[in-house]
Each structure stands twice: as C-alpha cells, then as structure tokens.
Amino acid sequence: MTTTSIAPGTARAIELAKGDVVRVVNSEGHQVVDTWAFAADMPSDQLSMEHSRSATYRILYQPGDTLVSTSFRPMLTILADTSPGIHDTLHAACSAESNVFYGAPASHPNCQDNLKGVMAARGVELVNIPCPWNLFEHAPVQADGSLIDEPSAAKAGDYVEMRAEMDLVLVCSACPSTVGDISQGEPRGATIQVIG
Ligand SMILES: [Zn+2]
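Residues numbered from 1 in each chain as written. Predicted model: local features only at pLDDT ≥ 70, side-chain atom pairs only at ≥ 80, totals over all residues. Heavy atoms only, no water.

**Observations concerning the overall build of the protein chain**
At step 1: Secondary structure summary: the protein chain contains 3 helices and 11 strands in total.
At step 2: Helices and strands appear in the protein chain in the N-to-C order β-β-β-β-β-α-β-β-α-α-β-β-β-β.
At step 3: Its C-alpha radius of gyration of 15 Å places the protein chain within 12% of the 16 Å reference for a compact globule of 196 residues.
At step 4: Each principal axis of the C-alpha atoms in the protein chain carries an extent, and together these give about 40 × 35 × 30 Å. (Helix = DSSP H or I, 4+ residues; strand = E, 2+ residues; numbered from the N terminus. Rg over C-alpha atoms; globule rule 2.2 N^0.38 Å.)

In structure tokens, the structure reads:
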C-alpha cells in the first residue's frame, strides 16, 4: 500500500494506473477534500461533475456509480464509502476570488491555487478549473432548490474507495476554506491510500 499524506490546506497529485484501487481517507474527521482527475493520455479530458451527473442520473454519487470525463469516458468507479455518503457535486472550488466574494482575505490558501500548483509542477497549465468532486462536503439541496452548508459529518478514518478505470492523475486538496464551516473548524488534512 502506498500512502500519501495531504497537509491541512494543501493538495497532492498521484498517478493511478487502470485497475488501481485508491482510498481518500478523512484522517482526522470533518475534512472536505476537493478531488479532481485528469486522463493521463490527455489532461484536457477531465473528471466532470456535470457529465457524471448525466451518466449516473444522480447529484450525489454512491458505491456502484462510475464517474466519467468530459468525453464520457469512465474514469472512477466508487467501490465503497464508509462516510455518511454525502459528497457535494455542485460547488466550485474555493479560490482567491471566492474568498473575496465571501468576505475572507484573498491571501487565504485555496483549492484552486492548490490544484493549479500541483498540475503546473507536472507541466500542465490549467486555464479553466473543473468543478471538483467535493468529497465529504455536505451541501444539501433544499426542497425550494436552495443550497445550505452543513459541517462535514465524516468521522476520523472514514474513506471513499474507488477504482481507476483509466490511467489518470488524481488530485486531492484538503480544503482550507472556513466559509460555511464546511470542515467544522480549521482544516485537518487527509490521506490518499493506493491499496492495489
Ligand atoms: Zn477549498
């Protein structure tokens, strides 16, 4: 097993081969983890929340669902989920601009810059930022169509287990945002485990 620790408020990228099984672990609980995937053969083909919602006909994915790229290629199949099972698919990543929008300092660390940084280090300059799969983020849709924020209910050790359906780069950012108290206080970090 290969373990990659994500320090609070930072991101890590790992390479997965088709068939690899990976767990994103909420090491200390209540941490929202913004997650992206990029096809190894064409980084512009990316894990897409909108395409995956269309592919699964769900706004909250669950074990058995296969998430797809912008060209509807299968990317990740959810195998298991020990958390309460709510992983937002609607919210944009936090960014310097969103920090200002919500009244936080622009200089506060953010998932968008985290993603750009780890991909730039791999030679990929991202112009447009895909909507992340916001693992462990509770932002339920209300009956009137509005969204609310609830602190993540994920417990320490909860994980989402996935199988890579293609060679890809997986990026996870332990979200630094405190807007909406989505991670129940300060960020705590997370862990990526490749288990086989
Ligand atoms: Zn964030």
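**Quick look at the packing of aromatic side chains**
At step 1: Under the counting rule described, the total for this entry stands at 2 aromatic pairs.
At step 2: The ring centre of Tyr159 lies 4.0 Å from the NZ or CZ of Arg23, which sits over that ring. (Phe/Tyr/Trp six-rings, centres within 6.5 Å; stacked < 30°, edge-to-face > 60°. Lys NZ or Arg CZ within 6 Å of the ring centre and 35° of its normal.)

**A look at helix α3 (residues 111-120)**
At step 1: The set of residues buried in α3 consists of Cys111, Gln112, Asn114, Leu115, Val118 and Met119. Buried residues of α3 fall within an arc of 160 degrees about the axis and therefore sit on the same side.
At step 2: Those residues of α3 that are buried are in contact with β2 (11-16), β4 (33-39), α2 (96-101) and β10 (168-174).
At step 3: N-capping of α3 is provided by Asn110, with a side-chain oxygen placed 3.2 Å from the backbone N of Gln112. (Buried < 20%, exposed > 50% of the residue type's maximum accessible area, 1.4 Å probe, protein only. Arc of directions from axis to C-beta. Contact = heavy atoms within 4.5 Å. Polar contact = N/O pair within 3.5 Å; in protein donor to acceptor, adjacent residues only side chain to side chain.)

**Some thoughts on the nonpolar core**
At step 1: Ranked by internal contacts, the top residues of the largest apolar core, which has 30 residues, are Leu16, Val22, Leu47, Leu76, Trp133, Leu168 and Leu170.
At step 2: Secondary structure elements with two or more residues in this core: β2, β3 (21-26), β4, β7 (74-81), β8 (133-135), β9 (158-164), β10 and β11 (190-194).
At step 3: With 4 residues, β10 is the single largest residue contributor to this core.
At step 4: Not counting chain neighbours up to four residues away, the residues in contact with Val22 comprise Ile14, Leu16, Val160, Glu161, Met162, Leu170, Ile192, Gln193 and Val194.
At step 5: Core analysis: the next-biggest nonpolar cluster, separate from the first, contains 16 residues, Phe38, Cys94, Met119 and Leu126 among them. (Core = buried A, V, L, I, M, F, W, Y, C linked by side-chain atoms within 4.5 Å.)

**Considering the side chain of Thr56**
At step 1: Tracing the sequence through the fold places Thr56 in helix α1 (residues 49-56).
At step 2: The class for Thr56 is buried, based on a relative accessible area of 16%.
At step 3: A polar atom in the side chain of Thr56 sits 2.8 Å from the backbone oxygen of Ser52.
At step 4: Among the polar contacts made by the side chain of Thr56, one reaches the main-chain amide nitrogen of Arg58 at a distance of 3.3 Å.

**Some remarks on the coordination of the zinc ion**
At step 1: Every protein donor of the zinc ion is accounted for by Cys94 (SG), Cys111 (SG) and Cys175 (SG), and the metal-donor separations fall at 2.2 to 2.3 Å.
At step 2: Every donor residue of the zinc ion comes from the same chain, spaced as C-x16-C-x63-C. With Cys111 in helix α3 and Cys175 in the loop between β10 and β11, this pair connects stretches of sequence that are 64 residues apart. Each member of the pair, Cys111 together with Cys175, is buried. (Donors = N, O, S within 2.8 Å, 3.2 Å for Na, K, Ca; no water.)

**Describing the layout of surface pockets**
At step 1: Estimates place the volume of the largest pocket at around 310 Å³.
At step 2: Lining the largest pocket we find 16 residues, and of these His91, Ala92, Tyr102, Glu137 and Val179 sit closest to its centre.
At step 3: Of the residues in the lining of the largest pocket, the class split is 8 nonpolar, 5 polar and 3 charged. (1 Å grid on protein atoms, 1.4 Å probe; cavity = no way out; pocket = protein on both sides within 12 Å on 5 of 7 lines; lining within 4 Å. Points joined across faces, edges and corners; volume = space filled by probe spheres on them. Nonpolar A, V, L, I, M, F, W, Y, C, P; charged D, E, K, R; others polar.)

**Describing the environment of Ala96**
At step 1: Summarising the element assignment, Ala96 is placed in helix α2.
At step 2: It is 20 Å that separates the C-alpha atoms of Ala96 and Gly189, two residues lying 93 residues apart in sequence.

**As for the sheet that holds β9**
At step 1: Judged by pairing direction, the sheet is antiparallel, and its 6 strands sit side by side in the order β1-β11-β3-β9-β7-β6 without closing on themselves. The strands lining the two open edges of the sheet, one partner per strand, are β1 (2-6) and β6 (66-68). Put simply, the sheet's adjacent strands are angled 25 degrees from each other on average, direction ignored.
At step 2: In this structure, β6 lies alongside β7, joined through 3 bridges in antiparallel fashion. The partner of Leu67 across the bridge, within β7, is Leu76. (Pairing = 2+ DSSP bridges. Axes fitted to C-alpha atoms, helices over the stretch in contact; angles between N-to-C directions.)

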